[in-house]
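Summary of structural features
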Amino acid sequence: MATLAPTTRLSNGVHIPVIGLGTWQAAPGEVQRAVAHAIDVGYRHIDCAAYYRNEAEVGAAIRRKVDDGVVRREELFVTSKLWGTDHRPDRVLAACATSLRNFGLDYLDLYLVHSPMALKVGQEGSDVEVEGATAFDDVDFLETWRSVELCAERGLARSVGVSNFNSRQLDRVLEDGAVPPVVNQVECHAHLNQKRLTAFCADRGVLVTAYSPLASPARPWAAPADPLPLRDPRVAAVAARHGRTPAQVLLRYLIQLGTVPIPKSVSASRIRENFRIFDFQLSAADVAALDGLDCDGRLFVFPE
C-alpha cells in the first residue's frame with residue numbers, strides 16, 4: 001500500500017492532503033498517465049481547472065483507479081476552478097455541473113473562483129479579446145461568490161474558495177459572503193514566499209495552496225536567463241545537507257511555511273520525487289536561508 005501524505009483541517013472541518021498534483025499545461029495524453037501514476041505513488045489531492053481543458057482526462061484516470069480498487073472516491077481530494085467567462089451568476093452552477101460531467105464525478109472536494117476578474121465570453125465560451133488584449137466583464141466577484149456558495153449548498157462541492165485574491169479582495173468576500181472561503185490558491189515559491197498573505201489568511205481561517213511552487217520553469221514566457229530557485233546555490237546547499245534534491249527542499253519549505261504546494265509534473269520520476277518530502281524536516285537555519293531567496297519575484301500578474 002502506498003504511503004499517504006498528511007492532511008490538514010480546513011475551517012469547515014474537511015481535511016485536505018498537504019501536497020497535491022498540479023495539472024496546468026499537461027498535454028493531452030500525458031495528464032491521464034500522470035494522475036494515474038500519482039495515485040499509485042500516494043497522492044490523494046489533484047488540482048484541476050476548467051481553463052486547463054483536461055478535466056475529462058483527469059476524471060478518466062481517477063475513475064480507472066477507483067474501478068481497479070486502488071483508491072476510493074472518498075479518499076481523494078479533487079479541486080477545480082470557475083473560469084472568468086462564467087462569472088455571471090446565471091452561469092456559475094452550470095459551469096460547476098459541466099466540470100463534474102467532464103470528470104465523471106458526483107461532487108468536487110473544492111471549487112475555486114479562478115481569479116477575481118470576470119471575462120467577456122465569446123463563441124463557444126472562449127475569452128473575448130479586443131485589439132489583442134483580454135476583454136474584462138463588469139461582474140463584481142461578490143455576485144459570483146454568492147452563486148459559488150450555491151455550489152456548496154447544493155452538494156456540487158464539499159468546500160469552496162478563491163484563487164489569486166489579494167488581501168483586500170479576500171476581506172470583501174469574508175465580510176459580505178454567507179459561506180467563508182476555506183482556501184486561497186496563489187502563486188507561491190521561494191522567490192515569492194507569500195509569508196504576509198499566508199499569515200493574513202491564517203488569521204481568518206483560510207488556507208493558502210501554493211501553485212507554481214517550483215517557480216514554473218516550463219511556463220511559456222520563461223527565458224533561459226531567468227532566475228530559478230531550483231538552480232540557486234543556497235537551495236543546493238540545503239539540499240546537500242539533507243541528502244535531498246532542490247525540488248524536495250523547496251516543497252518542504254513551503255509546507256513548513258503553512259501552505260499546501262501543488263507541483264505539476266508529468267514525469268513519473270519527478271512525481272515520485274516531489275512526494276518524498278515527509279521523512280525530513282528543515283531546521284530554523286535552513287528556513288532562514290531559504291527566506292533569503294524571497295525577492296517579490298512574481299511570475300503571474302493580475303489586475304486589481
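Residues numbered from 1 in each chain as written. Predicted model: local features only at pLDDT ≥ 70, side-chain atom pairs only at ≥ 80, totals over all residues. Heavy atoms only, no water.

In the nomenclature of an unreviewed UniProt entry, the protein chain is known as NADP-dependent oxidoreductase domain-containing protein of Megalurothrips usitatus. Word for word, the UniProt comment on the protein chain under Sequence similarities (unreviewed entry) is "Belongs to the aldo/keto reductase family." (UniProt positions renumbered as here; feature names shortened; annotations may be inferred.)

**Some thoughts on the environment of Ile277**
Its place among the elements puts Ile277 in the loop between helix H9 (268-275) and helix H10 (284-291). Assessed through its relative accessible area of 0%, Ile277 is described here as buried. C-alpha separation for the pair Ile277 and His114, spaced 163 residues apart in sequence, amounts to 28 Å. Not counting the four nearest positions on each side in its chain, Ile277 is found in contact with Ile19, Gln248, Leu251, Arg252 and Ile255. (Helix = DSSP H or I, 4+ residues; strand = E, 2+ residues; numbered from the N terminus. Buried < 20%, exposed > 50% of the residue type's maximum accessible area, 1.4 Å probe, protein only. Contact = heavy atoms within 4.5 Å.)

**A look at the sheet that holds strand E5 (residues 77-82)**
An order of E3-E4-E5-E6-E9-E10-E11-E12 is seen for the 8 strands of this open sheet, with the pairing classed as parallel. Edge strands, defined here as strands with exactly one partner in the open sheet, are strand E3 (21-22) and strand E12 (260-261). The pairing of E3 with strand E4 (residues 45-47) spans 2 bridges and is classified as parallel. By the bridge assignment for E4, Gly22 is matched with Asp47. (Pairing = 2+ DSSP bridges.)

**A closer look at the pairing of strand E11 (residues 207-211)**
With 5 of 5 residues buried, E11 is to be regarded as a mostly interior element. Of the two faces of E11, both are covered, the one formed by Leu207, Thr209 and Tyr211 as well as the one formed by Val208 and Ala210. Across 5 bridges, strand E10 (residues 183-187) lies against E11 in parallel orientation. Within E11, the residue paired with Gln185 across the bridge is Thr209. With helix H6 (residues 195-203) bridging E10 and the parallel E11, this β-α-β connection has right-handed handedness. Alignment of E11 against E12, held across 2 bridges, turns out to be parallel. Bridge pairing in E12 links Thr209 to Val260. (Right-handed = clockwise from strand over helix to strand, strands pointing away.)

**So, the environment of Thr8**
Tracing the backbone shows Thr8 in strand E1 (residues 7-9). Taking the C-alpha atoms as reference, Thr8 lies 6.4 Å from Val18; in sequence the two are 10 residues apart. Excluding anything up to four places from it in sequence, Thr8 contacts Val14, His15, Ile16, Val18, Leu207 and Val260.

**Some points on the packing of helix H8 (residues 246-256) against H10**
Two elements in contact, H8 and H10, have axes whose closest approach is 11 Å; the angle formed by their N-to-C orientations is 100°. The angle between H8 and H10 places the two elements in the roughly perpendicular class. When H8 is examined against H10, the residues Val249, Tyr253 and Gln256 are found in contact with a partner set consisting of Val287, Leu290 and Asp291. When its residues are assigned to classes, the contact of H8 with H10 shows 4 nonpolar, 1 polar and 1 charged. (Axes fitted to C-alpha atoms, helices over the stretch in contact; angles between N-to-C directions. Parallel < 35°, antiparallel > 145°, perpendicular 65-115°, else oblique. Nonpolar A, V, L, I, M, F, W, Y, C, P; charged D, E, K, R; others polar.)

**Looking at unusual backbone geometry**
Positioned with a positive phi, Gln25 is a non-glycine residue whose angle comes to about 65°. Accessibility expressed as a relative area gives 33% for Gln25, which makes it partly exposed.

**Some thoughts on the packing of aromatic side chains**
One pass over the structure, following the stated rule, counts 7 aromatic pairs. On the basis of an interplanar angle of 40° and a centroid distance of 4.8 Å, the ring pair of Tyr43 and Phe275 is categorised as tilted. Here Tyr43, found in the loop between helix H1 (30-41) and E4, pairs with Phe275, found in helix H9; they are 232 residues apart in sequence, far enough to count as distant. Exposure class is identical for Tyr43 and Phe275. Each is buried. Between Tyr211 and Phe300 the ring centres are 5.4 Å apart and the planes differ by 80°, which places this aromatic pair in the edge-to-face class. Residue Tyr211 is found in strand E11, and its partner Phe300 is found in the segment after H10; the two are separated by 89 residues along the sequence. Take Tyr211 and Phe300: they sit in the same class, and that class is buried. Directly above the ring of Phe141 sits Arg172, whose terminal nitrogen or CZ lies 4.9 Å from the centroid. (Phe/Tyr/Trp six-rings, centres within 6.5 Å; stacked < 30°, edge-to-face > 60°. Lys NZ or Arg CZ within 6 Å of the ring centre and 35° of its normal.)

**Things to note about the nonpolar core**
Ranked by internal contacts, the top residues of the largest apolar core, which has 82 residues, are Val35 and Tyr111. With near-sequence residues (within four places) excluded, Tyr111 lies in contact with Ser80, Lys81, Leu82, Val92, Ala95, Cys96, Val148, Cys151, Ala157, Ser159, Val160 and Gly161. Within the second largest apolar cluster, 6 residues are counted, among which are Ala215, Leu228, Ile262 and Phe300. (Core = buried A, V, L, I, M, F, W, Y, C linked by side-chain atoms within 4.5 Å.)

**So, the pattern of salt bridges**
For the coordinates displayed, the defined rule picks out 16 salt bridges. Linking Arg172 and Asp140 is a salt bridge whose minimum nitrogen-to-oxygen distance equals 2.9 Å. Residue Arg172 is located in helix H5 (residues 167-176), and its partner Asp140 is located in the loop between strand E8 (133-134) and helix H4 (141-153); the two are separated by 32 residues in the primary sequence. Across the pair Asp226 and Arg219 runs a salt bridge, and its minimum N-O distance is 2.9 Å. One network of salt bridges, with partners in common, ties together Arg72, Glu74 and Glu75. (Salt bridge = Lys/Arg side-chain N within 4 Å of Asp/Glu carboxyl O.)

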